[in-house]
Amino acid sequence: MRMTFLPSLRVMGVALMAASAPLSLTMGSTVLAQDLQTGTLRVGTLNDIANYDPQQFSTINFPLIKNLYDSLIEYTENGEPVPSLAESWEIAEDNRSVTVTLRDDVTFHSGKTMTSADVDATLQKGANPERGKNVFATMAVVENWETPDATTVKLNFKQAVPDKQILDLLQFLIVLEAEGVDNIEAVPAGTGPFKLANRVVGQSITLEANENYWREGEPILEGVEFTVFTEDASMTAALESDALDLIYNGSSRAAVRLRDAGYTVVAGPGKLVQVFRINTTRGPFQNESFRQAFNYLMDRDAILRVGYAGLGEVTALPWAPASPAADPAYNETYAYNLDKAKELLDASGLSDAEKSDWTILTNGGQEDAVAISQIVQGSLAEIGINVELDVRQSAEFTTALLAGDFFATFGGVGNVQKFPSRVATNSIYRTVNNPVLKDPHPHPEYVAAIEQVNSAFGEDVQAAYDNLNKVLVESAFGIPTNSYETGLIVAAPDVGGFTLDIDNLLVARTLGFTN
Amino acid sequence: MKKWLQALRRNLVALMRRPGAALSVIFLLAITLAAIFADFLPLDPLRQRVANALMPPNGTNWFGTDELGRDIIARVVYGARTSLITAAGAVAIAAAVGVPIGLVAGFFGGWRDAVLMRFIDVLLALPGILFAMAMIAVLGRSQLAALIAVGVTGIPSFARITRAQVLALRKRDFVTAVESFGGSSGYNMFRTILPNSWSPILVQVVVLSSVAILLEAALAFLGVGVPPPTPSWGEMLRTGKNYLYEAPYYAILPGIVLTLTILSFDTIGRALTEILEDRHDTGAGLKPEGSKA
């Protein structure tokens, strides 16, 4: 399999993407790149970034990743792979390797030309369990890699790996400058369309256009100014008072209201799925029947409506509708049903005191999390289980979440529209180094199901997906409730040129002003 | 009838003769009774009906419903219980600690006065809300923690007011007389001086009650108050502000009740101060407890 894009076709592809993007918008302006004017885009966000490491693929880093960096390949909003830093790629017939040809005209912000040595340094970081962050799990299929010349990188896999999984890996690999890898959390070292100009921690980040950017005619903007807000309401007020041009990753409720008021709302394909995460090593959750009851205890419609203003879909599996493993039948089978939940709770053999001997860890800094936790609390109360909310503020909550210091809690998971085993990049779904369930994984049937998905070809693929879905609801360490929007963009009507990223990262390189 | 009861009755009558204070007393009485007997009312502050979320005020839900379809008036009534319990507990803690500190400091003076008042100065130097948040961080988020945190922040005011009263009364003849008849320091402090100092302390009880309610609401508004789903006015304001466009009544109605409650306490406190000052000017307030003068 070989995919090569000629430069002219690539430009056409980008132009087509820019032109077709508004089709996916709930409300948008149809403008071509050449009609857009330059200027400085004022963007509001609700959180400051954690660091500049693109391998830390957390939501709070989403505003910057695609503006400071580029990945080897990109997906269109429909999931089609297109070249980026990789000019072409070729997957071996036996699916045990992929050979990537890099562009030779790409420079880092430092001025140095990108070569395969930089990809090598990036891969080394990603393969390191301590430094690889979210990329590490994706690198699990990689046996080793070679860099025969300055523009070629060959990745060898431990076993035959499905095409989609290989493409996901290439899309996830954001190339870092080799000399900057060690200090990447503090100093960005990328090839992206913008360079870091200034940052006031907790307040603002200023980017300036990269004049040597390799994509022709991009970026359109002179710069981007991010202002960090602590309140969604104040951020939306700033947009409405013309102090901002665009707000990123605000609440669904505010987006619905602003859409009705005439603002452009851009919802990308990269939804997250909200998952009621269960620590199966603690308290009553060690009991399988008790856990399985929670498949029926989730009032998913109520959670979607209250938490996310109805923007999203209910789901009993951790997949976005576009995922190849999505199976809507599960939504009906595991619909909200207190009677069935009670049957399973009774079958657990636990005493009433044991059933109530746990708390729901709740992020007090997120109103949606507080609301949906109360919905679960209310459902439990209806069948006689009274549990408290363990409300902690954001930093304390994150520490407990990542350390697995909880009985149960809500948390969004990403990569749900990609190759199904990519779900294992999320902490609760990790097969190794799982910070909640620890090693060895207490649900070997789940680890085996992920392995089966990773090694299935042809007719075995669907069977592997079906098995994984069955194992997920039976092991019940994660109870999905709904997909929801992340990285929502709400923009003033004079902002155009939106490029939808598969992960809903903010892509500012094609943005501009219509007047 | 005991003298203090007579004095209370006299002050209450004087209070009710002032229209503003009378209205405030009636309002607070209504809120207090509703909070005490809430369990006997057809109100359920926890029952969720998500299908009825964010309903405007109507015949069934007089204040409308919140984002989970809970009855806002039920949560306001039960929220009053949270606020009043916090206020009562906080005032009790502040008075129980602050009054003895003020008594001892004022009565003995010297190094005891210096040490105790420096301790009070330290407490005063800490911003109340920050101190309360720090205490909750240590104690954990609960109503008891909020109550203790608010109570501790109220200690200095009781200590200083009591000390000032003791200093004013310490050299009065009736105190000296008790001492000359062999009355112990403890007897003199708690049986002679304290009963004659209760008026400003009573005013402080009223004033601190409003401060405590406001502080509890502020803590809840900042997300460190009573944990949900326990109703709290501050928590309702915190959540309601997210729905100001779709459901303004959600924040406004609890906000009005909170404002009226604080206004009532302040009005009563101000009226009491005036009444007691009038007594002081006429000499009525200087009659020592148990004296024939």
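Source: prediction; values computed, not measured. (Residues numbered from 1 in each chain as written. Chains lettered and ligands numbered in written order. Predicted model: local features only at pLDDT ≥ 70, side-chain atom pairs only at ≥ 80, totals over all residues. Heavy atoms only, no water.)

Tallying the contact residues gives 18 residues for chain A and 19 residues for chain B. Summing both sides of the interface, chain A and chain B together bury roughly 1,700 Å²; the carbon and sulfur share of this comes to 49%. Three residues stand out in chain A for area buried against chain B, namely Arg253(A), Glu367(A) and Gln374(A), and they jointly supply 32% of the buried area on that side. Counting across the interface, chain A meets chain B through three salt bridges. A salt bridge links Lys241(B) to Glu231(A); the shortest N-O distance between them is 3.3 Å. Inspection of the region where chain A meets chain B yields eight residue pairs in polar contact (both at pLDDT 80 or more). If you list the elements that add at least two residues to the side of chain A that touches chain B, you get helix 7 (252-260), helix 9 (300-308), helix 13 (367-382) and strand 16 (388-392) of chain A. (Contact = heavy atoms within 4.5 Å. Buried area = accessible area lost by both parts, 1.4 Å probe. Salt bridge = Lys/Arg side-chain N within 4 Å of Asp/Glu carboxyl O. Polar contact = N/O pair within 3.5 Å; in protein donor to acceptor, adjacent residues only side chain to side chain. Helix = DSSP H or I, 4+ residues; strand = E, 2+ residues; numbered from the N terminus.)

Residue and element names in this part refer to chain A. The strand order across the open sheet built from seven strands is 9-10-11-2-12-19-13, with neighbouring strands paired in mixed fashion. The sheet terminates laterally at strand 9 (194-200) and strand 13 (264-266), the two strands that pair on one side only. The mean angle between the axes of side-by-side strands here comes to 20°, regardless of whether they run parallel or antiparallel. Across six bridges, the pairing between strand 9 and strand 10 (residues 204-209) is antiparallel. Of the residues in strand 10, the one forming a bridge with Lys 195 is Glu 208. Contacts between helix 6 (residues 232-240) and the sheet are confined to strand 2 (40-45), strand 12 (246-248) and strand 19 (489-491), with strand 12 contributing the most and set at about 160° to the helix. (Pairing = 2+ DSSP bridges. Axes fitted to C-alpha atoms, helices over the stretch in contact; angles between N-to-C directions.)

This paragraph deals with the environment of Asn156(A). Residue and element names in this part refer to chain A. Along the chain, Asn 156 turns up in strand 8 (residues 152-157). For Asn 156, a relative accessible area of 14% gives the class buried. The spacing of Asn 156 and Ser 379 is 223 residues in sequence and 49 Å in space, taken between C-alpha atoms. Apart from the residues lying within four places of it in its own chain, the contact partners of Asn 156 are Arg 96, Ser 97, Val 141, Val 142, Glu 143, Asn 144 and Glu 146. Only 2.8 Å separates the side chain of Asn 156 from the side chain of Glu 146, close enough to count as a polar contact. (Buried < 20%, exposed > 50% of the residue type's maximum accessible area, 1.4 Å probe, protein only.)

Below, the discussion takes up a nonpolar patch on the surface. Together, Leu244(B), Tyr245(B), Ile252(B), Ile256(B), Leu260(B) and Leu263(B) make up an exposed nonpolar region whose accessible area comes to about 570 Å². Examined against the element boundaries, Leu244(B) turns out to sit in the loop between helix 10 (233-240) and helix 11 (248-282). (Patch = residues over 30% accessible without salt bridge, like charges linked within 9 Å, V, L, I, M, F, W, Y side chains within 5 Å. Areas by Shrake-Rupley, 256 points an atom, 1.4 Å probe, with all protein chains shown as cover.)

Attention now moves to the domain arrangement of chain A. Where interface size is given, it is often the accessible area lost as the parts come together that is meant. All names here are of chain A. Looking at the assigned domains, one finds that chain A contains domain 1 (1-68 + 192-270 + 485-515), domain 2 (70-186) and domain 3 (272-484). Between domain 2 and domain 3, the C-alpha centre-to-centre distance is 31 Å. Of the roughly 1,200 Å² buried where domain 2 meets domain 3, counting both sides, 57% is carbon and sulfur surface. At the junction of domain 2 and domain 3, the tally comes to one salt bridge. In this structure, Asp 168 engages Arg 422 in a salt bridge whose closest nitrogen and oxygen atoms are separated by 3.7 Å. In this assembly, domain 2 and domain 3 are joined by five residue pairs in polar contact (both at pLDDT 80 or more). In terms of residue class, the side of domain 2 that touches domain 3 is built from eight nonpolar, six polar and two charged. (Domains from an automatic or database assignment. Nonpolar A, V, L, I, M, F, W, Y, C, P; charged D, E, K, R; others polar.)

In this structure, Phe276(A), Phe294(A), Trp358(A), Tyr429(A) and Tyr446(A) are the most contacted members of the largest nonpolar core, which totals 74 residues. Phe57(A), Ile73(A), Val106(A) and Val175(A) belong to the second-largest nonpolar core, a separate cluster that totals 68 residues. (Core = buried A, V, L, I, M, F, W, Y, C linked by side-chain atoms within 4.5 Å.)

According to UniProt, the "domain: ABC transmembrane type-1" (unreviewed entry) feature falls on residues 80-269 of chain B. Helix makes up 82% of residues 80-269 of chain B and strand 0%, and the two end C-alpha atoms of the span are 19 Å apart. (UniProt positions renumbered as here; feature names shortened; annotations may be inferred.)

As a further point, take the pairing of strand 11 (residues 223-228) of chain A. All names here are of chain A. Where strand 2 and strand 11 come together, six bridges link them in parallel fashion. The partner of Thr 45 across the bridge, within strand 11, is Val 228. Here strand 10 runs beside strand 11; their pairing, made up of five bridges, is antiparallel. By the bridge assignment, Thr 206 is partnered in strand 11 with Glu 225.

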